[in-house]
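An overview of the molecular structure
One letter stands for each residue in the lines below.
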Amino acid sequence: MPDWTPRLRRAFEANGHACDADVLDELSTHAAAAYDALRADGSNANEAERRVDDLITMWVRDGAALRRRPKGASAIPPPSDDRGLFVGLLQDLRYGIRLLRRQPRFAAVAMLTMALGIGATTALFSVTYGVLLKPLSWPDPDRLVRVTETRTGHEPRVRGTMSNGPYHTWTADHSTIEAIGGWLRQPSSTIAMADGEPTAVATSAVTPSLFTVLKARPLLGRLFVDGDQPTGAAPDVTRVIILSYGLWQERFGGTEDAIGRVVRLDGKSGMVVGVMPSDFVFPDRETRAWTPWVPPAVLGDGVLRMTIFSALARLRPGITSEQATAEGTARARGAPDPGLTAVALFGGNGPAEIRAIPAVELMTADVRPALLVLLAAVALLLVTATANVASLQLARATARRREMAIRAAIGAGTARLTRQLVAESAIVGAGGGLAGMALTIALHRALPSLLPADFPRMDAVAVDSRVLLFAVSLSIAASVACGLLPAWYARRVDLVGSLSEDGSAPIGGGLRTSTGRARTLIMVGQLAVSCVLLVGAALLVRSFVALMHADRGYDPTNVLTARLSFPADYSMERRTALLEHIVDRLRPLPGVREAAYGNALPLLTSGGFRGFKMRPPINPSIEVEANVMERVVSPGYFGALGLRVTAGRPVKDTDTLTSPQVIVVNRSFAAKYLGTHPIGTAVPNLGMCRGDHDRWDVVGVVNDMRQESVTDRPQPELFLPARQVGCTSALSQAVVVVRTSGDPPPYAATVRSVVHEQEPSLAVDSVMTMEDRVMNALAKPRLYAVVLAGFAGFAVVIAAVGLFGVLSYSVAQRTREFGVRAALGAQAHDIVGLVMRQALWTVGIGLLLGLLGALAGTRLLSTFLYGVSPHDALTFVAVPIILVAVAVIASLVPARRAAKVDPLAAIRAA
Amino acid sequence: MVTSLLERELKRGSTEVLILALLDERQRHGYEISQLIEERSNGTITFHTASLYPTLYRLEDKGLIEGRWVERAGQRRRRYYRLTRGGRKALAKQRSTWDTFFLALDRVAGIRHA
């Protein structure tokens, strides 16, 4: 049987037709079938072959019609269609990179803007996420609650603590919690190897149950068990100790035989029973060892004891913190009444209230609002940065109108053009994103030095996969946002207009073209955001300055302070004698104006609290419960601290055990309990281990002092002469205060050496100037002010660069118009005015919106402000002036360029 | 001239409707279609086999039929055509048009169709 395909092909080619292989195949099967049928009907081979040849001849005659057209084929198939989306995308990316390399300035500005926006946002996100959202590192962290105690209607003296009474009643009978544990942080213990020098470390006394609450396991040895804690009359004796991983490495080189070894902690022997793993951080990073402790019973040895400490509980599964709160409060009300001590510690002796607060919430309560406000601010900043890049892209898109029109004319669809533009922004976004991530990592390295030491949960902040994912998503979102706007305008490209016009914009520039309008709108938005951020930053800075200069009641300049911790077995006589020696050695040194000691110092340690009953001299018929802060001070303490004596006299050298007992009160105490003539009145019932001599004559009144924050209300305070106090507990810690005539830091070494001379085993820590303490206390407000000011500065730079760009572009577009105007007699100042008016309109609208936004937004800031109203008039006037000045500077260069347009050249060029 | 044009259009239209009608029953290949047209009209409709394939390709272009290559064991590879949804609609329309046409012929000229 003949093969019909070659025969068919030859026949078609001979007649000038080129048939598809597909068609040839089909005709060939037909021919074969016809041949077979003819043979079956009885035709001989030749006859059949001839008949089929006739058929072929017939087909060839109509050869031109034998063609199958591919379905839906376009006249000019676009080159990438048959190579798939991905290949086309690569082509777009390559083209985009080529374009950006030809415009390095645009690429640099766009990527830098993106990088700063993405970097700042990611860094702040990582901090917010790590601090506020990341679960604590303990097992089942959502069941951990901090337990706090208050008295109905009163603010406790030390927030976030509970007392021993409710602790014991709740421990004895609980159904909503699995366990409750407490701890006392001891910031200045000393630790020494058997025969080594003591060094100051922070330790915590913890209840054995605390480890159960945390579900912690030791790396070596064991945890505390009930009975480990010292009991009875010698509460200060440490018998066992658990080391942190760091201290174990440092002191024992990480060897396992550390277990069972004896160290000296605060002068007492303690046996190492356990080592915690390196990731066990509790309650803070500074704590390097733990000692066992159990809060004392309220009624022991016939004495009422009340202790306050921090407490943590673990909820039973399925129990809410509200249920635990209810149970805790019920148990607390069953605890023995601690009497007046409750008044001293909790401000009142009403019914106890226990609150169980999710642990993360309490830890982060004071930074949460600030972080959220800063996150909102950085989001605004990111939007501004993205909008700026979009605006730059729009300007490029306008310059590339012809390119887009040509591409559209030769068959590129809207989707194709959009993809090209989005691909170009994606390159900017990816470059900016990468640089932003590098910035985030750099910021992370710097975080420990940028953030205040007491910033909570810093160890949870890390550049992890979630943070990187956030940065990547941010980059993609920003790129798409930047690319879509120009693409939206490219979509409406007017082929004929773009290809035929001469490229110059219509008269009026800016607002007459749709991209010009879009860029002006972006500009208005940028100015509004800058205005909001700048107002916020200015308020925070003003508030910080106010905090710095606020009257704290004492004078922190040129004051050096240090803390001493005494071993428990030092008697009161030994303590005062040591301290007297130290200040006596310091006083005569050149440059030292005063040296004194006491048991309290603002921003460091608060001394003691005391509650007692007294009959106020102004109304002796009633007995009131006074609750006061109690300080023990040496002569010269007020002078050293710069605390002004407003009436009577300060504590003197002559106030000793043998002289009448005297006391100095602060103005709040005098006003609250003693009336207008406090000198000569007396305060009873202070105890102070003076046996029956329990009457203290008021000899002086001093100014109120702010202990912690200047926003705290001043508390009633009593100052007792150290030489008249018999109780060791009144001087368990001492502070040395030295006022110098010059810069105090050089005296730090002197203070240390003087202390060492007197008592080599005494640990000195926290040697700092009072000004540094104030600055440390203001670290958070300073941080918030600096961060927001940084954001505002960045936003203002972006707005200025944006305004410069928009105006320069508009001036370039209006060159011919300016030429015509100049030719018709417009002077340089007319044209400058024209450009400036355009700028100032934009700025004016932006500022108006910004000020309205700021008025609404600064209410969020009101909780952070001190000494300045959220609607501070000076700020709201100064910020617009600053922004207008910046805008004028940004517009001057383009305006001068417009004024210099040579009419002839401009018109000829057009 | 006018007659020949009409004849050609008629023929062209009728070829299309014949093919669509045959494919309405089941899918078929080109040779089978040509054989069936010849057989069923008892040779009355002797259309040029030459016009079969151009018609098939035209119908395919219009989306009324679609062809695909089918290989069966022991047989040659063949291209089978079947009606598309559009083709089915077009056939129904053609049928009603032809019905109307024959009805008109019957009324006007007394020509009946079976």
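About the criteria used
Residues numbered from 1 in each chain as written. Chains lettered and ligands numbered in written order. Predicted model: local features only at pLDDT ≥ 70, side-chain atom pairs only at ≥ 80, totals over all residues. Heavy atoms only, no water. Contact = heavy atoms within 4.5 Å. Buried area = accessible area lost by both parts, 1.4 Å probe. Salt bridge = Lys/Arg side-chain N within 4 Å of Asp/Glu carboxyl O. Helix = DSSP H or I, 4+ residues; strand = E, 2+ residues; numbered from the N terminus. pLDDT = per-residue confidence, 0-100. Pairing = 2+ DSSP bridges. Axes fitted to C-alpha atoms, helices over the stretch in contact; angles between N-to-C directions. Polar contact = N/O pair within 3.5 Å; in protein donor to acceptor, adjacent residues only side chain to side chain. Parallel < 35°, antiparallel > 145°, perpendicular 65-115°, else oblique. Left-handed = near helix turned anticlockwise from the far one by under 90°. Nonpolar A, V, L, I, M, F, W, Y, C, P; charged D, E, K, R; others polar. Buried < 20%, exposed > 50% of the residue type's maximum accessible area, 1.4 Å probe, protein only.

1. Describing the interface of chain A and chain B
- Contacts between chain A and chain B engage 23 residues on the former and 18 residues on the latter.
- Carbon and sulfur atoms make up 56% of the surface buried where chain A meets chain B, a total of about 1800 Å² over both sides.
- Among the residues of chain A in contact with chain B, A:Glu26, A:His30 and A:Arg68 are the three that bury the most area, contributing 30% of the side total.
- If you look at where chain A meets chain B, you find 2 salt bridges.
- Here the side of chain A that touches chain B gets 12 residues from one element, more than from any other, and that element is helix H2 (residues 21-40) of chain A.

2. Re unusual backbone geometry
All names here are of chain A.
- Residue Phe282 is joined to Pro283 through a cis peptide bond whose omega torsion reads -10°.
- Along the chain, Pro283 falls in the loop between strand S8 (268-275) and strand S9 (287-292).
- One non-glycine residue, Asp140, lies in positive phi territory at about 40°.
- One can find Asp140 in the loop between helix H5 (104-133) and strand S1 (144-151).
- The residue Asn558 is not glycine, and still its phi comes out positive at about 55°.

3. Some remarks on the confidence of the model for chain A
Residue and element names in this part refer to chain A.
- Confidence along chain A averages 84 in pLDDT terms, with 92% of residues attaining 70 or more.
- Across chain A, element-level confidence peaks in helix H19 (residues 637-641) with a mean pLDDT of 95 and bottoms out in helix H16 (residues 495-500) with 56.
- Of the regions scoring below 50 in pLDDT, residues 232-236 engages in 3 contacts with residues more than four places distant in sequence or in other chains.

4. Side note on the sheet that holds strand S3 (residues 78-83) of chain B
- Read from one edge of the open sheet, 3 strands run S1-S3-S2 (chain B), paired in antiparallel fashion. Of all the strands in the sheet, just strand S1 (28-29) and strand S2 (65-70) of chain B have a single pairing partner and so form its edges.
- Pairing between S1(B) and S3(B): 2 bridges, direction antiparallel. Residue pairing for S3(B): B:His29 is matched across the bridge by B:Tyr80.
- Sitting on the sheet, H2(A) is in contact with S2 and S3 of chain B, with an inclination near 100° to S3(B).

5. Side note on the environment of A:Leu847
Residue and element names in this part refer to chain A.
- By secondary structure assignment, the location of Leu847 is in helix H25 (residues 828-857).
- Taking the C-alpha atoms as reference points, Leu847 and Ser530, separated by 317 residues in sequence, lie 8.7 Å from one another.
- Discounting chain neighbours no more than four positions away, the residues touching Leu847 are Cys531, Pro880, Leu883 and Val884.

6. Details of the side chain of A:Ser425
Residue and element names in this part refer to chain A.
- Its place among the elements puts Ser425 in helix H14 (residues 414-450).
- In this structure the side chain of Ser425 is engaged in a polar contact, spanning 3.3 Å, whose partner is the side chain of Gln393.
- Apart from the residues lying within four places of it in its own chain, the contact partners of Ser425 are Gln393, Ser479, Cys482 and Gly483.

7. With respect to the confidence of the model for chain B
- With 75% of its residues at a pLDDT of 70 or more, chain B shows a mean pLDDT of 78.
- Confidence estimates for the predicted assembly give a pTM of 0.70 and an ipTM of 0.85.

8. Side note on the packing of helix H17 (residues 514-549) of chain A against helix H23 (residues 779-813) of chain A
All names here are of chain A.
- H23 packs onto H17 with a crossing angle of 155° between their chain directions and a minimal axis gap of 8 Å. The orientation of H17 relative to H23 falls into the category roughly antiparallel. The handedness of the crossing between H17 and H23 is left-handed.
- A per-class count over the contact of H17 with H23 returns 23 nonpolar, 5 polar and 2 charged.

9. Quick notes on the pattern of salt bridges
All names here are of chain A.
- Counted by the stated rule, this structure contains 41 salt bridges over all chains.
- Measuring nitrogen to oxygen at the nearest pair gives 2.9 Å for the salt bridge that ties Asp765 to Arg563. Of this pair, Asp765 sits in strand S24 (residues 763-769) while Arg563 sits in strand S14 (residues 559-565), placing them 202 residues apart in sequence.
- Using a relative accessible area of 13% as the deciding quantity, one classes Asp765 as buried.
- Salt bridges sharing partners connect three or more residues here, namely Asp140, Arg143, Glu178 and Lys215.

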